[in-house]
Amino acid sequence: MADSDIKAMTAQIPGVDFKETSFTRPLPLNEATVAIVTSAALHHPGDEEFTMLDIGYRVLESSRHDYVLRHWSPNFDPTGFALDINTVFPIDRLQELADKKIIGKVSDQHLSYAGNQFDLSAIQLDSGPSGAQFLKDQDVDVVLLTPV
Amino acid sequence: MATITLGSIKEQLEATAPPRALYCDFPLGRPLGEPLDPEFQHRVLESAFQLLEAEEPTIKEYDVSIPDNGDEILACPLPPRHDPDLHPALDEVRGLRPAYERAVEKYGNRIGMGRTVQLKDLEEAITALIRVTEGVPWKEAGIPGVPSRVSQDIRGYYETAALELSENAPKAWTGTRWFLKNTEAGKVLMSARQAMADSGANQPIWFYMTPGDD
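Rules behind the numbers
Residues numbered from 1 in each chain as written. Chains lettered and ligands numbered in written order. Predicted model: local features only at pLDDT ≥ 70, side-chain atom pairs only at ≥ 80, totals over all residues. Helix = DSSP H or I, 4+ residues; strand = E, 2+ residues; numbered from the N terminus. Buried ≥ 20, exposed ≤ 12 C-beta atoms within 10 Å, placed from the backbone. Contact = placed C-beta atoms within 7 Å. Rg over C-alpha atoms; globule rule 2.2 N^0.38 Å. Pairing = 2+ DSSP bridges. Right-handed = clockwise from strand over helix to strand, strands pointing away. Core = buried A, V, L, I, M, F, W, Y, C linked by C-beta atoms within 7 Å. Domains from an automatic or database assignment. Nonpolar A, V, L, I, M, F, W, Y, C, P; charged D, E, K, R; others polar. Axes fitted to C-alpha atoms, helices over the stretch in contact; angles between N-to-C directions. Parallel < 35°, antiparallel > 145°, perpendicular 65-115°, else oblique. Left-handed = near helix turned anticlockwise from the far one by under 90°. Expected span 1.5 Å × (residues − 1).

### What to know about the overall build of chain B
- Helix and strand content of chain B: eight helices and three strands.
- Along chain B, helices (α) and strands (β) appear in the sequence β-α-β-α-β-α-α-α-α-α-α when read from the amino end.
- Its C-alpha atoms put chain B at 65 × 40 × 30 Å along the principal axes.
- Relative to its 214 residues, chain B shows a buried fraction of 47%.
- For chain B, contacts bridging at least 24 residues in sequence account for 65% of all contacts bridging at least 6.

Below you can see the structure in the form of structure tokens.
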């Protein structure tokens, strides 16, 4: 079993066919608030666990680095995250960029979804827009998506 | 909001056609590439943020690949046999406990146990899978939850313990291969999975107990 075998196995899983690509021009990066959205099924201990087909999101606080990874798919290597959360959730890297004024600010809150979904319509119509609104309410300007 | 997506499966990026995407040929589970390498991660982020200058939707390819040949197995010692009266897998689990606890102390329970099986119930979970390998129908073996989720907890225990036992940070997938091929518990899991498949259990029940098609 090689990584390429699993990629080949999953490459043809149908995604959402967007009729148009939403393209937004951002503020200059050094003025922008940046948030991470990951599909690694991260959450804080004590948060509601992701269920098998959970389309919802969990809020991740920048100030707490106690994230746990509770993805339902076995088809990825989890040890990178175990060693260094930034392998999946580059929160420290973003803060370093903010300290150097390369980005304006790191959002206080970020989102995690669970990447093991087959029915994407509920995310497209419900939890995706809900998560986007949450981030807009946090005055986020730029979102970095890290997929797992 | 402007969005930038990282991705390691090119076909999915092309099919989804996001506003800005950086295709990185990195192992699944490592979207920023290398753990414990801030300089590497910063270079990836720099390339990602450069996409904000694009005038139209774009997919760029990052210029560094991290390949996985599928053969490399983590060099990780296993505890010597201690109690000959115990099933080898249970003896091994007990022998790894100190390493697991040290790893959780050091890294937190990031990928370890607790999805379905708590640490105190680990041996019971493995015993249930042993029963399956011995011919007990899987529904009667006492597996304490969805088999794939139980398997993830067992794999999480082993891959967490391995972080403390191996000399170097594991390359992607090498710990998984070590668990499945070199450990007694991994062999039990593989055998139980095969037994469930052979018994005609619905595919999702057994297929996701391990990665890929193995």
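So, next bit.
### Examining the overall build of chain A
- When helices and strands are counted, chain A shows four helices and seven strands.
- For chain A, the succession of helices and strands along the chain, N to C, is α-β-β-β-β-α-α-β-β-α-β.
- On C-alpha atoms alone, chain A measures out to a radius of gyration of 16 Å, which is about the 15 Å that the 2.2 N^0.38 rule sets for 148 residues.
- By principal-axis analysis of the C-alpha atoms, chain A measures approximately 40 × 40 × 30 Å.
- For chain A, the proportion of its 148 residues judged to be buried stands at 45%.
- Across chain A, contacts joining residues at least 24 apart in sequence account for 77% of those joining residues at least 6 apart.

### Focus on the pairing of strand E3 (residues 58-61) of chain B
Residues and elements named next belong to chain B.
- Sheet topology note: the strand E2 (residues 20-23)/E3 ladder contains four bridges and is parallel. In the sheet register, Leu-22 faces E3, and the bridge partner there is Lys-60.
- Regarding topology, helix H2 (residues 38-50) serves as the crossover connection from E2 to the parallel E3, and that connection is left-handed.

### Notes on the nonpolar core
All names here are of chain B.
- Among the nonpolar cores identified, the biggest contains 96 residues, and Ile-126, Leu-129 and Ala-161 are the most heavily contacted of them.
- Taken domain by domain, this core gets at least three of its residues from each of domain 1 (5-61) and domain 2 (88-207).
- Once residues lying within four places of it in the same chain are set aside, the contact partners of Ile-126 are Ala-89, Leu-90, Val-93, Ile-154, Ala-185 and Val-188.

### Some points on the environment of Ser148(B)
- Summarising the element assignment, Ser148(B) is placed in helix H5 (residues 147-165).
- Residue Ser148(B) is classed as buried on the basis of its 21 C-beta neighbours within 10 Å.
- Between the C-alpha atoms of Ser148(B) and Thr116(B), which are 32 residues apart in sequence, the distance is 9.9 Å.
- Residues within four places of Ser148(B) in sequence aside, it is in contact with Pro74(A), Tyr208(B) and Met209(B).

### Quick look at the domain arrangement of chain B
- Assigned domains of chain B: these are domain 1 (5-61) and domain 2 (88-207).
- For domain 1 of chain B versus domain 2 of chain B, the separation of C-alpha centres amounts to 32 Å.

### What to know about helix H6 (residues 174-182) of chain B
- Most of H6(B) sits out of view: seven of its nine residues are buried.
- Among the residues of H6(B), Thr174(B), Gly175(B), Thr176(B), Arg177(B), Trp178(B), Phe179(B) and Leu180(B) are the ones counted as buried.
- In this fold, the buried residues of H6(B) make contact with helix H2 (79-83) of chain A together with H5 and helix H7 (184-198) of chain B.

### Description of the environment of Val132(B)
- The topology assignment puts Val132(B) in helix H4 (residues 122-133).
- Taking the C-alpha atoms as reference points, Val132(B) and Ala103(B), separated by 29 residues in sequence, lie 30 Å from one another.

### Considerations on the interface of chain A and chain B
- Counting residues at the interface gives 54 residues for chain A and 58 residues for chain B.
- Of all the elements in the fold, those that place two or more residues in the side of chain A that touches chain B are helix H1 (3-10), strand E4 (68-69), H2, helix H3 (91-99), helix H4 (121-137) and strand E7 (142-146) of chain A.
- With seven residues, H1(A) is the largest single contributor of residues to the side of chain A that touches chain B.
- The class makeup of the residues in the side of chain A that touches chain B is 30 nonpolar, 13 polar and eleven charged.
- Pairing between E7(A) and strand E1 (residues 2-7) of chain B: four bridges, direction parallel.

### Overview of the packing of helix H3 (residues 88-107) of chain B against H7(B)
All names here are of chain B.
- Packing of H3 against H7 brings their axes to within 8 Å, and their N-to-C directions diverge by 135°. Here H3 is positioned oblique relative to H7, judged by the angle of their axes. Regarding H3 and H7, the two cross each other, and that crossing is left-handed. In this structure, H3 contributes Pro-88, Ala-89, Glu-92 and Val-93 to the contact, and H7 contributes Glu-184, Ala-185 and Val-188.
- Along the lines of polarity and charge, the residues of the contact of H3 with H7 split into five nonpolar, no polar and two charged.

### Observations regarding H2(B)
- The terminal C-alpha atoms of H2(B) lie 18 Å apart, and with 13 residues this matches the ideal 18 Å at 1.5 Å per residue to within 8%.
- Among the structural elements, H3 and E7 of chain A together with E1 and E2 of chain B are those in contact with the buried residues of H2(B).

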